[in-house]
Amino acid sequence: MQLDTLNKFSATTLALHWIVGLTMIILLAVGIFMVETETFSLYPWHKSFGVLIILVVVPRVFWRIKNGWPSPVSEYSKVEQLLAKIVHYVLILGTLLMPLSGFLMSSLGGNGVEVLGLELVARNPDPEDTSKVIPHNETLGSFFHAAHHWVGYLLVAAVVLHVVGALKHHVIDKDGSLNRMLGSRVETFRD
């Protein structure tokens with residue numbers, strides 16, 4: 001086993017990590033707030049940034065698939081390695097599934113999708129009561145609504161575990177993981 005300097009972790013990777021991470025945290029918080037308080041005025045902003053984040057998430061997912069995850073900075077137990085792998089996969093898949101399920105829920109449900117006022121999918125108003133909509137596909141719209149809901153809560157749990165894990169590595173292990181997430185070069189552990 002040897003230590004080697006991490007070369008793949010570039011400024012672009014860090015930027016993608018933080019842009020996606022912070023945007024998803026804000027969108028999750030706003031989404032939960034909207035549902036709990038029925039603050040419908042925030043939906044256009046939520047949808048707009050949900051669609052726009054796809055433009056950053058998709059390249060990040062492809063980059064991660066091509067390059068894999070960074071090597072650990074220290075040796076960890078098998079359980080900790082497994083938990084980290086699960087959390088990282090939930091995060092990467094969740095950041096892709098959340099905006100896609102939201103887009104499909106809204107468009108198939110007849111609510112339409114706009115991005116900063118630009119209509120991507122038209123709203124399908126009920127001719128008898130224009131304050132209501134007619135779903136384009138009620139079954140699929142409901143499926144993606146449920147997916148958006150449950151993936152959202154799964155993503156919240158994964159974000160919490162990710163933050164707790166980063167803090168554990170920084171405060172207890174003092175291994176440099178958080179420093180690497182903030183842009184410092186750190187020696188990594190290799191088998």
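The structure we're discussing is the one just above.
Note that the structure is a prediction, hence the values are computed from the model and not measured.

Caption draft 1: Seen up close, the overall build of the chain. A count of helical and extended segments in the chain gives five helices and six strands. When its helices and strands are written in sequence order, the chain yields β-α-α-α-β-β-β-β-α-α-β. Taken across its 191 residues, the chain has 32% of its residues classed as buried. At a minimum sequence separation of 6, the contacts of the chain that also span at least 24 residues come to 71%.

Caption draft 2: Seen up close, the pairing of strand E5 (residues 129-133). Here strand E4 (residues 125-126) pairs with E5 via two bridges, running antiparallel. Following the sheet pairing, Pro 125 is matched in E5 by Val 133.

Caption draft 3: Main features of helix H2 (residues 43-67). Compared with an ideal rise of 1.5 Å per residue, which puts 25 residues at 36 Å, H2 spans 35 Å between its outermost C-alpha atoms and is within 8% of the ideal. Buried residues of H2: His 46, Ser 48, Gly 50, Val 51, Ile 53, Ile 54, Val 57, Arg 60, Val 61, Arg 64 and Asn 67, and no others. Positive phi shows up at Gly 68, right after H2, with a value of about 75°.

Caption draft 4: Representation of the packing of aromatic side chains within the structure. Going through the model one piece at a time under the given rule, you end up with three aromatic pairs. Ring geometry for Phe 40 against Tyr 43: centres 5.9 Å apart, planes inclined by 20°, an arrangement best described as stacked. Each ring, one from Trp 45 and one from Phe 49, has its centre 6.2 Å from the other, and the planes form 20°; the classification is stacked. A residue pair is termed a helical-turn pair when its members lie 3 or 4 positions apart in one helix, as Trp 45 and Phe 49 do in helix H2 at four residues.

Caption draft 5: Fine view of the nonpolar core. Grouped together as the largest cluster of nonpolar side chains are 15 residues, with contacts concentrated most on Val 20, Met 24, Ile 53, Val 57, Leu 91, Met 98 and Leu 155. Listed by contribution, the elements that provide at least two residues to this core are helix H1 (11-37), H2, helix H3 (78-108) and helix H4 (138-173). Discounting residues that sit within four places of it in the chain, Val 57 has contacts with Val 20, Thr 95 and Leu 96.

Caption draft 6: View of a nonpolar patch on the surface. Together, Trp 69, Tyr 89, Leu 93 and Leu 97 make up a nonpolar patch on the protein surface, roughly 380 Å² of accessible area in all. By the element assignment, Leu 97 lies in helix H3.

Caption draft 7: Focus on the pattern of salt bridges. Applying the stated criterion to the full structure yields two salt bridges. One salt bridge connects Glu 80 with Lys 168, and the closest N-O pair in it is separated by 3.0 Å. With Glu 80 in helix H3 and Lys 168 in helix H4, this residue pair connects regions lying 88 residues apart in the sequence. Taking the relative accessible area as the measure of exposure, Glu 80 reaches 22% and is therefore partly exposed.

Caption draft 8: Focus on the packing of H1 against H3. Their axes nearest at 11 Å, the elements H1 and H3 cross at an angle of 50°. Taken together, the axes of H1 and H3 are oblique relative to one another. Remark: the crossing between H1 and H3 carries left-handed chirality. Every residue of H3 that contacts H1 at Val 20, Met 24 and Leu 28 is listed here: Gly 94, Thr 95, Met 98 and Pro 99. Each residue belonging to the contact of H1 with H3 can be placed in one class, and the counts come to five nonpolar, two polar and no charged.

Caption draft 9: Highlighting H1. Look at H1: 38 Å from first C-alpha to last across 27 residues, which is about the 39 Å you get at 1.5 Å a residue. Of all the positions in H1, only Thr 13, Leu 14, Leu 16, His 17, Val 20, Met 24, Leu 27, Leu 28, Gly 31 and Met 34 are classed as buried.

Caption draft 10: Quick peek at the environment of Lys 85. When you line up the elements, Lys 85 lands in helix H3. Spatially, the C-alpha atom of Lys 85 lies 9.1 Å from that of Trp 69, the residues being 16 residues apart in sequence.

Caption draft 11: Structural detail: unusual backbone geometry. Residues other than glycine seldom take positive phi values, yet Glu 38 does so here, at roughly 55°. Position of Glu 38 among the secondary structure elements: in the loop between H1 and H2. With a relative accessible area of 54%, Glu 38 lands in the exposed category. The phi dihedral of Leu 116 is positive, around 50°, even though this residue is not glycine. Along the chain, Leu 116 falls in the loop between strand E2 (113-115) and strand E3 (118-121). Since its relative accessible area comes to 53%, Leu 116 is described here as exposed.

Parameters and conventions
Per chain, residue numbering runs from 1 following the sequence as it is written. Predicted model: local features are reported for residues with pLDDT of at least 70 only, side-chain atom pairs are reported and counted for 80 or more only, and whole-chain, interface and lining totals are derived from all residues. Side-chain figures throughout are based on the complete set of non-hydrogen atoms in the structure, without hydrogens or water. Helix numbers and strand numbers start at the N terminus; a helix is a DSSP run of H or I with at least 4 residues, a strand a run of E with at least 2. Exposure categories follow from relative accessible area, calculated using a 1.4 Å probe and restricted to protein chains: below 20% of the type maximum is buried, above 50% is exposed, and the middle band is partly exposed. Here, residues are in contact when the closest pair of their heavy atoms is within 4.5 Å. Criterion used throughout: strands pair if DSSP finds at least two bridges between them. Take the number of residues in a helix, subtract one, and multiply by 1.5 Å to get its expected span. Classification of ring pairs uses Phe, Tyr and Trp, with its six-membered ring standing for Trp, and accepts pairs whose centres are within 6.5 Å; under 30 degrees between planes counts as stacked, over 60 as edge-to-face, and the remaining range as tilted. Put simply, buried Ala, Val, Leu, Ile, Met, Phe, Trp, Tyr and Cys residues joined by side-chain atoms within 4.5 Å make one nonpolar core. Think of a patch as exposed residues, more than 30% relative accessible area, with no salt bridge, where like charges cluster within 9 Å and nonpolar side chains (Val, Leu, Ile, Met, Phe, Trp, Tyr) cluster within 5 Å. Only the protein chains shown count as cover for residues, and all accessible areas are computed by the Shrake-Rupley method using a 1.4 Å probe. A carboxyl oxygen of Asp or Glu within 4 Å of a side-chain nitrogen of Lys or Arg is what we treat as a salt bridge. Lines fitted to C-alpha atoms define the axes, with helix axes restricted to the stretch in contact, and inter-axis angles between N-to-C directions lie between 0 and 180 degrees. These descriptions rest on fixed angle ranges, namely under 35 degrees for roughly parallel, over 145 for roughly antiparallel, 65 to 115 for roughly perpendicular, and the rest for oblique. Handedness of each helix crossing follows the sense of rotation of the near helix against the far helix: counterclockwise by less than a right angle gives left-handed, clockwise gives right-handed. Under this grouping Gly is polar, as are all residues other than the nonpolar Ala, Val, Leu, Ile, Met, Phe, Trp, Tyr, Cys and Pro and the charged Asp, Glu, Lys and Arg.

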